[in-house]
Amino acid sequence: VQLQASGGGLVQAGGSLRVTCVVSGGNFRQYVMGWFRQAPGKEREFVAATGWSGRSTAYADSAKGRFTISRDNAKNMVSLQMNSLKPEDTAVYSCAADKNNIVPTSRIADYDYWGQGTQVTVSS
């Protein structure tokens, strides 16, 4: 199973970015998909996750109201739309797949497959 994230970049505070992850191999339709981020000098943290159908979602408090996770099972793709970005959102954003759960989970240890990450930088 391979995960390829893209869409990161440099944006000013208050702006928007959309990061996307395409999954190849495995059974995407039966993976919980999550987005995580890691800022320099900090631990990796949960951002958002979506269940198999996309109807169930979970968000970190820092993402609620600003970020939206979505998936397209026909394209083996999961996206994270990020609005009202803040400098503290600067991090490497990685997608991950959980093959054992049905409902979205924030636990890093639950995820089996990881992408390489894409850099998001928010300037003040």
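In short, a report on the structure. (Residues numbered from 1 in each chain as written. Predicted model: local features only at pLDDT ≥ 70, side-chain atom pairs only at ≥ 80, totals over all residues. Heavy atoms only, no water.)

### A few points about the state of the cysteines
Two cysteines form a disulfide when their sulfur atoms are joined by a covalent bond. Counted by the stated rule, this structure contains one disulfide. Residue Cys21 pairs covalently with Cys95 via a disulfide, S to S 2.1 Å. Across the S-S bond of Cys21 and Cys95 the torsion is about 60°, and the bridge reads as right-handed. Of this pair, Cys21 sits in strand S3 (residues 17-24) while Cys95 is found in strand S9 (residues 91-98), placing the two residues 74 residues apart along the sequence. Cys21 gets classed as buried once you look at its relative accessible area, which sits at 0%. The exposure class assigned to Cys95 is buried, which follows from its relative accessible area of 0%. (Disulfide = S-S within 2.5 Å. Helix = DSSP H or I, 4+ residues; strand = E, 2+ residues; numbered from the N terminus. Buried < 20%, exposed > 50% of the residue type's maximum accessible area, 1.4 Å probe, protein only.)

### Brief notes about the nonpolar core
Counting 27 residues, the largest nonpolar core has Met33, Trp35, Val47, Phe67, Leu80, Met82 and Tyr93 as the members making the most contacts within it. The contacts of Leu80, once residues within four sequence positions are left out, are Leu17, Arg18, Val19, Trp35, Val47, Ala48, Phe67, Thr68, Ile69 and Tyr93. (Core = buried A, V, L, I, M, F, W, Y, C linked by side-chain atoms within 4.5 Å. Contact = heavy atoms within 4.5 Å.)

### Things to note about the pattern of salt bridges
Applying the stated criterion across every chain yields a total of five salt bridges. Measuring nitrogen to oxygen at the nearest pair gives 2.6 Å for the salt bridge that ties Glu45 to Arg37. Judged by relative accessible area, which is 7%, Arg37 ranks as buried. One salt bridge in this structure joins Asp110 and Arg107, with 3.2 Å as the shortest N-O distance. One continuous salt-bridge network, built from bridges that share partners, spans Arg37, Glu45, Arg66 and Asp89. (Salt bridge = Lys/Arg side-chain N within 4 Å of Asp/Glu carboxyl O.)

### Let's talk about the pairing of strand S4 (residues 32-38)
For S4, the tally of buried residues reaches six of seven residues, placing the bulk of the element in the interior. Relative to S9, S4 is paired through seven bridges, and the arrangement is antiparallel. The partner of Phe36 across the bridge, within S9, is Ser94. Bridge count for S4 against strand S5 (residues 45-50) is five bridges, and the pairing is antiparallel. Following the sheet pairing, Gly34 is matched in S5 by Ala49. Where S4 hands over to S5, the hairpin turn is made up of six residues, of which Gly41 adopts a positive phi near 75°. (Pairing = 2+ DSSP bridges.)

### Some words on the sheet that holds strand S1 (residues 2-6)
The strand order S1-S3-S8-S7 describes an open sheet built from four strands, whose pairing is antiparallel. In this open sheet, the two strands that pair with only one neighbour each are S1 and strand S7 (67-72). With strand direction ignored, the average angle separating the axes of adjacent strands in the sheet is 15°. Pairing between S7 and strand S8 (residues 77-82): six bridges, direction antiparallel. (Axes fitted to C-alpha atoms, helices over the stretch in contact; angles between N-to-C directions.)

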